[in-house]
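Next come the chains, spelled out residue by residue.
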Amino acid sequence: MKTNKFNVAPVVSALLLVLCFGFASSAFAQGTIGKIFTKAEADKQFGPVLKSVTMKVEEVKALLSKTGDYVMFDLSGDRVRCLDGKRQALNSFGKTATSKDVFHKYSRSKVEELISLGDGATVTFETRANVFSVTSGATTLELSVFCPPLCNE
(Lines give C-alpha, C1' and ligand atoms only; values in the text may rest on other atoms or scores of the structure.)
Protein backbone atom coordinates (compact mmCIF):
# COMPACT_ATOMS: atom_id res chain seq x y z
CA MET A 1 0.00 0.00 0.00
CA LYS A 2 1.30 3.46 -0.93
CA THR A 3 1.49 6.15 1.71
CA ASN A 4 0.87 9.75 0.93
CA LYS A 5 3.98 11.74 1.82
CA PHE A 6 2.38 15.11 1.17
CA ASN A 7 3.44 17.47 3.95
CA VAL A 8 0.59 19.74 4.95
CA ALA A 9 2.64 22.05 7.20
CA PRO A 10 4.07 24.27 4.40
CA VAL A 11 0.64 24.66 2.81
CA VAL A 12 -0.97 25.59 6.12
CA SER A 13 1.87 28.01 6.88
CA ALA A 14 1.51 29.66 3.49
CA LEU A 15 -2.26 30.03 3.93
CA LEU A 16 -1.83 31.53 7.39
CA LEU A 17 0.74 33.96 6.04
CA VAL A 18 -1.60 35.07 3.25
CA LEU A 19 -4.46 35.51 5.71
CA CYS A 20 -2.28 37.52 8.09
CA PHE A 21 -1.19 39.86 5.27
CA GLY A 22 -4.80 40.19 4.18
CA PHE A 23 -5.98 41.13 7.66
CA ALA A 24 -3.03 43.46 8.15
CA SER A 25 -3.69 45.29 4.90
CA SER A 26 -7.39 45.60 5.75
CA ALA A 27 -6.57 46.99 9.16
CA PHE A 28 -4.01 49.35 7.63
CA ALA A 29 -6.47 50.60 5.03
CA GLN A 30 -8.85 51.67 7.79
CA GLY A 31 -6.24 52.81 10.31
CA THR A 32 -4.88 56.17 11.30
CA ILE A 33 -1.58 57.10 9.70
CA GLY A 34 0.85 59.37 11.50
CA LYS A 35 1.93 60.12 15.03
CA ILE A 36 2.40 63.49 16.68
CA PHE A 37 5.58 64.26 18.60
CA THR A 38 6.95 67.41 20.14
CA LYS A 39 9.41 69.07 17.80
CA ALA A 40 12.21 68.33 20.29
CA GLU A 41 11.27 64.61 20.36
CA ALA A 42 11.13 64.48 16.56
CA ASP A 43 14.54 66.14 16.25
CA LYS A 44 16.03 63.68 18.72
CA GLN A 45 14.40 60.56 17.27
CA PHE A 46 14.46 61.34 13.53
CA GLY A 47 17.37 63.75 13.17
CA PRO A 48 17.67 67.29 11.93
CA VAL A 49 15.57 68.82 9.19
CA LEU A 50 17.48 68.80 5.90
CA LYS A 51 14.99 70.69 3.73
CA SER A 52 11.73 72.50 4.46
CA VAL A 53 8.94 74.41 2.76
CA THR A 54 6.41 76.50 4.69
CA MET A 55 2.74 77.13 3.86
CA LYS A 56 0.11 79.23 5.58
CA VAL A 57 -2.30 77.29 7.79
CA GLU A 58 -5.23 78.59 5.73
CA GLU A 59 -3.71 77.08 2.56
CA VAL A 60 -3.26 73.70 4.23
CA LYS A 61 -6.81 73.76 5.59
CA ALA A 62 -8.10 74.55 2.09
CA LEU A 63 -6.21 71.53 0.72
CA LEU A 64 -7.57 69.30 3.48
CA SER A 65 -11.12 70.40 2.69
CA LYS A 66 -10.73 68.81 -0.76
CA THR A 67 -9.69 65.35 0.41
CA GLY A 68 -11.20 62.30 2.08
CA ASP A 69 -9.59 60.38 4.92
CA TYR A 70 -6.01 60.59 3.64
CA VAL A 71 -3.68 63.22 2.24
CA MET A 72 -0.22 62.90 0.70
CA PHE A 73 2.66 65.35 0.52
CA ASP A 74 6.01 65.61 -1.19
CA LEU A 75 8.55 68.35 -1.71
CA SER A 76 9.58 69.28 -5.22
CA GLY A 77 12.10 72.08 -5.27
CA ASP A 78 10.67 74.84 -3.11
CA ARG A 79 7.05 73.68 -3.51
CA VAL A 80 4.79 71.27 -1.66
CA ARG A 81 2.98 68.79 -3.90
CA CYS A 82 -0.26 67.56 -2.39
CA LEU A 83 -2.51 64.64 -3.39
CA ASP A 84 -5.65 63.10 -1.93
CA GLY A 85 -5.87 59.45 -0.89
CA LYS A 86 -6.59 58.43 -4.48
CA ARG A 87 -3.52 60.29 -5.82
CA GLN A 88 -5.59 63.12 -7.32
CA ALA A 89 -3.88 66.52 -7.24
CA LEU A 90 -5.09 68.90 -4.53
CA ASN A 91 -2.90 71.79 -5.65
CA SER A 92 -1.38 72.85 -8.96
CA PHE A 93 2.02 71.47 -7.97
CA GLY A 94 0.45 68.05 -7.33
CA LYS A 95 -0.47 67.88 -11.01
CA THR A 96 3.20 67.31 -11.82
CA ALA A 97 3.18 63.97 -9.98
CA THR A 98 3.64 60.79 -11.95
CA SER A 99 2.37 57.37 -10.89
CA LYS A 100 5.93 56.41 -9.92
CA ASP A 101 6.54 59.41 -7.64
CA VAL A 102 6.61 58.41 -3.99
CA PHE A 103 4.47 60.55 -1.68
CA HIS A 104 4.15 60.56 2.10
CA LYS A 105 0.66 59.59 3.21
CA TYR A 106 -1.02 60.72 6.44
CA SER A 107 -4.53 60.55 7.82
CA ARG A 108 -6.32 63.83 7.27
CA SER A 109 -7.42 63.75 10.91
CA LYS A 110 -3.79 63.66 12.11
CA VAL A 111 -2.87 66.69 9.97
CA GLU A 112 -5.90 68.55 11.33
CA GLU A 113 -4.92 67.57 14.88
CA LEU A 114 -1.38 68.81 14.26
CA ILE A 115 -2.68 72.17 13.04
CA SER A 116 -4.94 72.58 16.08
CA LEU A 117 -2.12 71.65 18.48
CA GLY A 118 0.43 73.82 16.68
CA ASP A 119 -1.68 76.93 17.07
CA GLY A 120 0.45 78.86 14.59
CA ALA A 121 0.11 80.70 11.32
CA THR A 122 2.23 78.30 9.26
CA VAL A 123 2.80 74.60 8.61
CA THR A 124 6.26 73.40 7.60
CA PHE A 125 6.81 70.34 5.41
CA GLU A 126 10.23 68.81 6.07
CA THR A 127 12.55 66.11 4.89
CA ARG A 128 14.93 64.49 7.31
CA ALA A 129 17.49 61.72 6.74
CA ASN A 130 14.91 58.92 6.47
CA VAL A 131 11.51 60.48 7.12
CA PHE A 132 9.11 63.18 6.00
CA SER A 133 7.71 65.49 8.69
CA VAL A 134 4.97 68.06 8.98
CA THR A 135 5.48 70.64 11.73
CA SER A 136 3.20 73.27 13.20
CA GLY A 137 4.48 75.29 16.12
CA ALA A 138 6.19 72.98 18.60
CA THR A 139 4.50 69.80 17.31
CA THR A 140 5.61 67.50 14.52
CA LEU A 141 3.72 64.81 12.62
CA GLU A 142 5.81 61.76 11.70
CA LEU A 143 5.43 58.12 10.68
CA SER A 144 3.85 58.53 7.27
CA VAL A 145 3.63 55.62 4.86
CA PHE A 146 4.98 55.61 1.33
CA CYS A 147 2.64 55.68 -1.66
CA PRO A 148 3.51 53.68 -3.66
CA PRO A 149 3.47 50.96 -2.49
CA LEU A 150 0.86 51.57 0.25
CA CYS A 151 -1.69 53.62 -1.67
CA ASN A 152 -5.06 51.99 -0.86
CA GLU A 153 -7.54 54.42 0.63
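Please refer to the structure placed before this passage.
Described in the following lines is the structure provided in the data block.

## Some thoughts on the side chain of Glu142
Okay, so step 1: Tracing the backbone shows Glu142 in strand β8 (residues 139-142).
Okay, so step 2: Relative accessible area serves as the criterion here: at 0%, Glu142 is assigned to the buried category.
Okay, so step 3: A polar contact of 3.3 Å, which involves the side chain of Glu142, links it to the side chain of Arg128.
Okay, so step 4: Not counting chain neighbours up to four residues away, the residues in contact with Glu142 comprise Gly34, Lys35, Phe37, Ala42, Phe46, Tyr106, Arg128, Val131, Phe132 and Ser133.

## Points about the nonpolar core
Okay, so step 1: Counting 22 residues, the largest nonpolar core has Val60, Phe73, Val111, Phe125 and Val134 as its most contacted members.
Okay, so step 2: For this core, the element with the highest residue contribution is helix α3 (residues 57-64), accounting for four residues.
Okay, so step 3: Ignoring anything within four residues of it in the chain, the contact list for Val134 reads Phe73, Tyr106, Leu114, Val123, Thr124, Phe125, Thr139, Thr140 and Leu141.

## Examining unusual backbone geometry
Okay, so step 1: Residues Cys147 and Pro148 are joined by a peptide bond in cis, for which omega reads -5 degrees.
Okay, so step 2: The residue Pro148 is located in the segment after β9 (145-147) in this model.
Okay, so step 3: Residue Pro149 is reached from Pro148 by a cis peptide bond, and omega for that bond is 15 degrees.
Okay, so step 4: Of note, Pro149 is situated in the segment after β9.
Okay, so step 5: In the Ramachandran plot, Arg87 falls in the positive-phi region, its phi being about 65 degrees despite a non-glycine side chain.
Okay, so step 6: Of note, Asp119 is a non-glycine position whose phi angle comes to about 50 degrees, a positive value.
Okay, so step 7: Within the fold, Asp119 resides in the loop between α4 (108-118) and β6 (122-127).

## Examining the packing of α3 against α4
Okay, so step 1: One way to put it is that α3 packs onto α4 with a least axis distance of 11 Å and a crossing angle of 160 degrees. Relative to α4, the element α3 lies roughly antiparallel. With respect to the hand of their crossing, α3 and α4 are arranged in left-handed fashion. Where α3 approaches α4, its residues Val57, Val60, Lys61 and Leu64 are matched on the opposing element by Arg108, Val111, Glu112 and Ile115.
Okay, so step 2: Residue composition of the contact of α3 with α4, by class: five nonpolar, no polar and three charged.

Reading the values: the criteria
- Residues numbered from 1 in each chain as written.
- Predicted model: local features only at pLDDT ≥ 70, side-chain atom pairs only at ≥ 80, totals over all residues.
- Heavy atoms only, no water.
- Helix = DSSP H or I, 4+ residues; strand = E, 2+ residues; numbered from the N terminus.
- Buried < 20%, exposed > 50% of the residue type's maximum accessible area, 1.4 Å probe, protein only.
- Polar contact = N/O pair within 3.5 Å; in protein donor to acceptor, adjacent residues only side chain to side chain.
- Contact = heavy atoms within 4.5 Å.
- Core = buried A, V, L, I, M, F, W, Y, C linked by side-chain atoms within 4.5 Å.
- Axes fitted to C-alpha atoms, helices over the stretch in contact; angles between N-to-C directions.
- Parallel < 35°, antiparallel > 145°, perpendicular 65-115°, else oblique.
- Left-handed = near helix turned anticlockwise from the far one by under 90°.
- Nonpolar A, V, L, I, M, F, W, Y, C, P; charged D, E, K, R; others polar.

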